[in-house]
Amino acid sequence: MKITTEAGERHVLAITVDNEAGVLAKITGLFTARGYNIESLTVADISSDHALSRITIVTNGPPPIIDQIIAQLDRLVPVHRVVDLNDAGEAHVEREIALVKVAGTGDKRIEALRMADVFRAKVVDTTLSSFIFEITGTSDKVDRFIALMRECGLVEVGRTGVVAIARGPEAL
Amino acid sequence: MTEMSGADMVVQALVDLGVDTVFGYPGGAVLPIYDALYKHPTIKHILVRHEQAATHAAEGYARSTGKPGVVLVTSGPGATNAVTGITDALLDSIPMVVLTGQVPTTLIGTDAFQECDTVGITRHCTKHNYLVMDPDRLGPIMHEAFHIATHGRPGPVVIDIPKNVQVATGTYSVPEFIQHNSYRPQVEPDADAIAQAIDMIAAAERPIFYTGGGVINAGPDASAALRQLVSLTGAPITSTLMGLGAFPADDPKWLGMLGMHGTYESNMAMNRADLIIAVGARFDDRVTGRLDAFAPEAKKIHIDIDRSSINKIVPVDLAVVGDAGRALDALIAAWQAKGHKARDLGEWWRRIDGWRATRCLDFPEKKEPDADIMPQRAVKALFDATRGRDPIITTEVGQHQMWAAQHFGFSAPNRWLTSGGLGTMGYGFPAAVGAQIATPNRLVICIAGEASLQMNIQEMGTVSQYRLPVKIFILNNEWMGMVRQWQELTYESRYSNSYSDSLPDFVKLADAYGWTGLRIDTLGQLEEGIAKMIDTPGPVIVDCRVAKLANCFPMIPSGAAHTDMILQPSDVTGTMDDEAKALV
Ligand SMILES: Cc1ncc(C[n+]2csc(CCOP(=O)(O)OP(=O)(O)O)c2C)c(N)n1
Ligand SMILES: [Mg+2]
């Protein structure tokens, strides 16, 4: 007997929650307990009184499962709102930041700097034998930059995961 | 606003919330609360013999009254022992508040004596939980916890209270009006959805109501509304295990329970219906059977208070989010406003009568007085003997549970207490204790299996202490019958560890605890034995010996469709493929 799984589509969910202990564990635990995927997750306090946090989760699943994920999140007591930024009509902007450390001297070092320029990555630290680049963009762009840096002495990467927000004047 | 200790606040909040009973067990981390409860004038504390039993007793209390059950246990082992009952309450949507002691805030995280991460452990088996770090928060949290446990889809809420928070003083405050800032379940159904539902019901040629525990949770008025709507539409009705009692079993429109051990007529009617009206039921796998063959011809309306139940397993055509009772009221009002008349469903009923004619609940039996008692017969005899007494029936888990569901007729809600979602052996007896505490003058009977009963049998002491007249009626087949039945179906009768060896003498055990013990061995003794059980004041345990190898039919084997029911033992083949074996 084989165990099969269904193919899915990528969705970005913006979730506002009470900023209190255990909320993140509750949400990530819901994903593990029900077998949903988390591709990336970011969270930070977003209100002036520190009462609310915004969590951005990139997940993956067939449409009925995405609906389930939203309904399951929505019924958690500390969750205020769940918005699927991939819903029809919900055009949105996604960004991710990566810090990318590259070590090396000579041609590789020059090549790294040139490509960073093409990608509009900023140099945020340098030694005689290394750079740290800061790159901002969609996950795709960050992926491509990191892939190129592999050829130029990549030694370390830190990524934030995706934050996203819907286009237009309205708030979530 | 009054200054008092945290422990006093807990007790004050219980009083303010109208709590009269707490099921619990003391320990170091809850001693301040126990002291605050000492000789309390209105709150009765029921001392159980194991914390799991406290949770099931609270469930029994809640299920028989509609009020939330309250549990008080200590930190560490007290809390972990409560986890099974908390999970049980989550799966069956039972309102419950569990207060757990915790080590002082200064010691949290140090592996202190009897420390466990209670909020971590219970995070995913509660509807919500709290760790209270500040005594000033106790009042608002207690009130909010009861609100959450009882509003929307009910469920268990844990409040973990460190010992220093119980001892410290603070200000007790009661929120005037609880409007949780993020938890606001939709109770009122959408009017458009109701209008659409009515049109679908009026147009259906083969409608069926499929109802569940949500109707019971919505209160007795919801059951009354259900009866009215069924009678207005003239449609047949079936229910899940959790929904029994919402609709009277002696009504001709009642088809019996559906699902794995449901009746042939209800499963066939679900399969052939052109419209299913699901009310407070969640298309559980015990109910649907093989999903791709589930109700292929039916449009589906799903009424549920929990949006996440809708389209979870079975995609539906119309979703109505709201309280079952409100939705049923709205449907009745809309039906009458539109002047609908019950349609002629004669053809549909003729087909149903055809399925009924299989008499799927009949069972083979010998009638001589010295014959073995068929377990189904024992349940029927118990039902007959208690008619008119309006008993509360609880069950353990196994064949006896299914036989009770099939052969005991319920005609009112809150009379049938069973562990449906989690299927917890050890639930039934403590649940009976809770129900008996809640309704001291009612006849409360636990229909038990000899194996399940032993999972919380220590509660005989609790019953003796509080002089509760609980009756335990054991269908003793000397087997974990349900396990044995699956081994016969799937593993060519290799009975791996399913024999109930080394059973105690239940009559002597009764004696040891100061109960009355009775034994019934043959069919001839059955009626008299049951009568004696009912007429004996105080707690009684009946060791009713039943046919050892009887199996529970009809049955939809795992992975099969509603139309592939096993109706009798001779249909059993004894093997299954791996796909079917992998299903529970
Ligand atoms: C706590 C727990 N452990 C194991 C099971 C699996 N299980 C389901 S029914 C059953 C046998 C029950 O035997 P008994 O109580 O004698 O009831 P019978 O089926 O014989 O009527 C078992 C072991 C369960 N449901 N709950
Ligand atoms: Mg048994």
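Residues numbered from 1 in each chain as written. Chains lettered and ligands numbered in written order. Predicted model: local features only at pLDDT ≥ 70, side-chain atom pairs only at ≥ 80, totals over all residues. Heavy atoms only, no water.

Moving on: the coordination of the magnesium ion (ligand 2). All names here are of chain B. Within the first shell, the magnesium ion (ligand 2) binds the protein through Glu 450 (OE), Glu 450 (OE), Asn 477 (OD1) and Trp 479 (O), at distances of 2.1 to 2.6 Å. Taken together, the 6 donor atoms surrounding the magnesium ion (ligand 2) define angles of 52 to 174° at the centre, an arrangement classified as irregular. For the magnesium ion (ligand 2), all donor residues lie on one chain, and their spacing in sequence is E-x26-N-x1-W. You can see Glu 450 sitting in helix α18 (residues 450-453) and its partner Asn 477 sitting in the loop between β18 (471-476) and α20 (481-490), a full 27 residues away along the chain. In this pair, the class of Glu 450 matches that of Asn 477, namely buried. (Donors = N, O, S within 2.8 Å, 3.2 Å for Na, K, Ca; no water. Tetrahedral: all angles 85-135°; square planar, octahedral: opposite > 155°, others 65-115°. Helix = DSSP H or I, 4+ residues; strand = E, 2+ residues; numbered from the N terminus. Buried < 20%, exposed > 50% of the residue type's maximum accessible area, 1.4 Å probe, protein only.)

This paragraph deals with the packing of helix α15 (residues 375-386) of chain B against helix α16 (residues 399-407) of chain B. All names here are of chain B. Their axes nearest at 9 Å, the elements α15 and α16 cross at an angle of 50°. As summarised for this structure, α15 and α16 are arranged oblique, according to the angle between their axes. As for how α15 packs across α16, the hand of that crossing is right-handed. Of α16, the residues touching α15 (which contributes Pro 375, Gln 376, Val 379, Lys 380 and Phe 383) are Trp 403, Ala 404 and His 407. The residue makeup of the contact of α15 with α16, split by class, is 5 nonpolar, 2 polar and 1 charged. (Axes fitted to C-alpha atoms, helices over the stretch in contact; angles between N-to-C directions. Parallel < 35°, antiparallel > 145°, perpendicular 65-115°, else oblique. Left-handed = near helix turned anticlockwise from the far one by under 90°. Contact = heavy atoms within 4.5 Å. Nonpolar A, V, L, I, M, F, W, Y, C, P; charged D, E, K, R; others polar.)

Right, let's get into the interface of chain A and chain B. Of the residues lining the interface, 18 residues belong to chain A; the matching set on chain B comes to 20 residues. In total, chain A and chain B occlude about 1,600 Å² of area from one another, counting both sides; carbon and sulfur atoms represent 52% of this. Applying the counting rule to chain A against chain B returns 2 salt bridges. Among the ionic pairs, Asp74(A) bridges to Arg307(B), the shortest N-O distance being 3.1 Å. For the interface between chain A and chain B, the tally reads 6 residue pairs in polar contact (both at pLDDT 80 or more). Those elements that place two or more of their residues in the side of chain A that touches chain B are α1 (23-33), α2 (63-74) and β4 (79-84) of chain A. At 5 residues, α2(A) tops the list of elements feeding residues into the side of chain A that touches chain B. Here the side of chain A that touches chain B is composed, by residue class, of 8 nonpolar, 5 polar and 5 charged. (Buried area = accessible area lost by both parts, 1.4 Å probe. Salt bridge = Lys/Arg side-chain N within 4 Å of Asp/Glu carboxyl O. Polar contact = N/O pair within 3.5 Å; in protein donor to acceptor, adjacent residues only side chain to side chain.)

Moving on, we get to the domain arrangement of chain A. All names here are of chain A. Each assigned domain of chain A is listed here: domain 1 (9-84) and domain 2 (92-165). Distance between the C-alpha centres of domain 1 and domain 2: 28 Å. Of the residues lining the interface, 8 residues belong to domain 1; the matching set on domain 2 comes to 9 residues. Surface buried jointly by domain 1 and domain 2 totals about 560 Å² across both partners, of which 50% is contributed by carbon and sulfur atoms. Our count for the contact surface shared by domain 1 and domain 2 stands at 1 salt bridge. There are 4 residue pairs in polar contact (both at pLDDT 80 or more) connecting domain 1 and domain 2. Grouping the amino acids of the side of domain 1 that touches domain 2 by side-chain chemistry returns 3 nonpolar, 3 polar and 2 charged. (Domains from an automatic or database assignment.)

Residues and elements named next belong to chain B. Inspection of the region around ligand 1 gives 17 residues, with Gln 399, Gly 423, Ser 452, Trp 479 and Gly 481 positioned closest. Within the side chain of Glu 450, a nitrogen or oxygen atom sits 3.0 Å from an oxygen atom of ligand 1. Protein chains shield 77% of the accessible area of ligand 1, which is 590 Å² for the free molecule. Counting residues per element, the ones that place at least two in the shell around ligand 1 are α16, α18 and α20. (Near = heavy atom within 4 Å. Areas by Shrake-Rupley, 256 points an atom, 1.4 Å probe, with all protein chains shown as cover.)

All names here are of chain B. Within this structure, the stated rule accounts for 32 salt bridges over all chains. Notably, a salt bridge pairs Arg 350 with Glu 347, separated by 3.6 Å at the nearest N-O pair. With Arg 350 and Glu 347 both in helix α14 (residues 346-356), this residue pair falls 3 residues apart, about one helical turn. Among the residues examined, Arg 350 registers a relative accessible area of 55% and is labelled exposed. One salt bridge in this structure joins Arg 442 and Asp 390, with 3.9 Å as the shortest N-O distance. One end of the pair, Arg 442, is in the loop between α17 (428-438) and β17 (444-449); the other, Asp 390, is in the loop between α15 and β15 (392-395), and 52 residues separate them in sequence. Judged by relative accessible area, which is 25%, Arg 442 ranks as partly exposed. In this structure Asp 390 comes out as partly exposed when scored by relative accessible area, which is 34%.

Take a nonpolar patch on the surface next. Residues and elements named next belong to chain B. Where nonpolar side chains cluster on the molecular surface, the patch consists of Ile 108, Leu 131 and Met 133 and spans about 230 Å² of accessible area. Here Met 133 lies in the loop between β6 (128-131) and α6 (138-150). Residue class for Met 133 comes out partly exposed when judged on its relative accessible area of 48%. (Patch = residues over 30% accessible without salt bridge, like charges linked within 9 Å, V, L, I, M, F, W, Y side chains within 5 Å.)

Once that is clear, we can look at the packing of aromatic side chains. Residues and elements named next belong to chain B. Inspection of every chain in the model, using the stated rule, returns 15 aromatic pairs over all chains. Between Phe 283 and Phe 294 the ring centres are 5.9 Å apart and the planes differ by 90°, which places this aromatic pair in the edge-to-face class. Within this pair, whereas Phe 283 is found in the loop between β12 (275-279) and α12 (285-288), its partner Phe 294 is found in the loop between α12 and β13 (299-304), the two being separated by 11 residues in sequence. Relative accessible area serves as the criterion here: at 1%, Phe 283 is assigned to the buried category. Judged by relative accessible area, Phe 294 falls into the buried class, the value being 5%. (Phe/Tyr/Trp six-rings, centres within 6.5 Å; stacked < 30°, edge-to-face > 60°.)

What follows is about unusual backbone geometry. Residue and element names in this part refer to chain B. Here the residue pair Phe 553 and Pro 554 is connected by a cis peptide bond, since its omega of -5° sits within 30 degrees of zero. With respect to the element layout, Pro 554 can be found in the loop between β20 (540-545) and α23 (578-581). Look at Ala 295: it is not a glycine, yet its phi comes out positive at around 40°. Within the secondary structure, Ala 295 sits in the loop between α12 and β13. For Asp 390, which is not a glycine, the phi torsion comes out positive at approximately 50°.

Glancing now at the environment of Glu528(B). With respect to the secondary-structure elements, Glu528(B) resides in helix α22 (residues 523-535). Residues Glu528(B) and Phe294(B), spaced 234 residues apart in sequence, show a C-alpha to C-alpha distance of 44 Å.

It is worth spelling out the pairing of strand β5 (residues 96-102) of chain B at this point. Residue and element names in this part refer to chain B. Within β5, 7 of the 7 residues are buried, which leaves the element mostly enclosed by the surrounding structure. Across the two faces of β5 the burial is the same, with Met 96, Val 98, Thr 100 and Gln 102 and Val 97, Leu 99 and Gly 101 all buried. Here strand β4 (residues 69-73) runs beside β5; their pairing, made up of 5 bridges, is parallel. In the sheet register, Val 70 faces β5, and the bridge partner there is Val 97. For the crossover from β4 across helix α4 (residues 77-91) to β5, the handedness is right-handed. Where β5 and strand β7 (residues 156-162) come together, 7 bridges link them in parallel fashion. Considered in β7, the bridge of Thr 100 is made with Asp 160. (Pairing = 2+ DSSP bridges. Right-handed = clockwise from strand over helix to strand, strands pointing away.)

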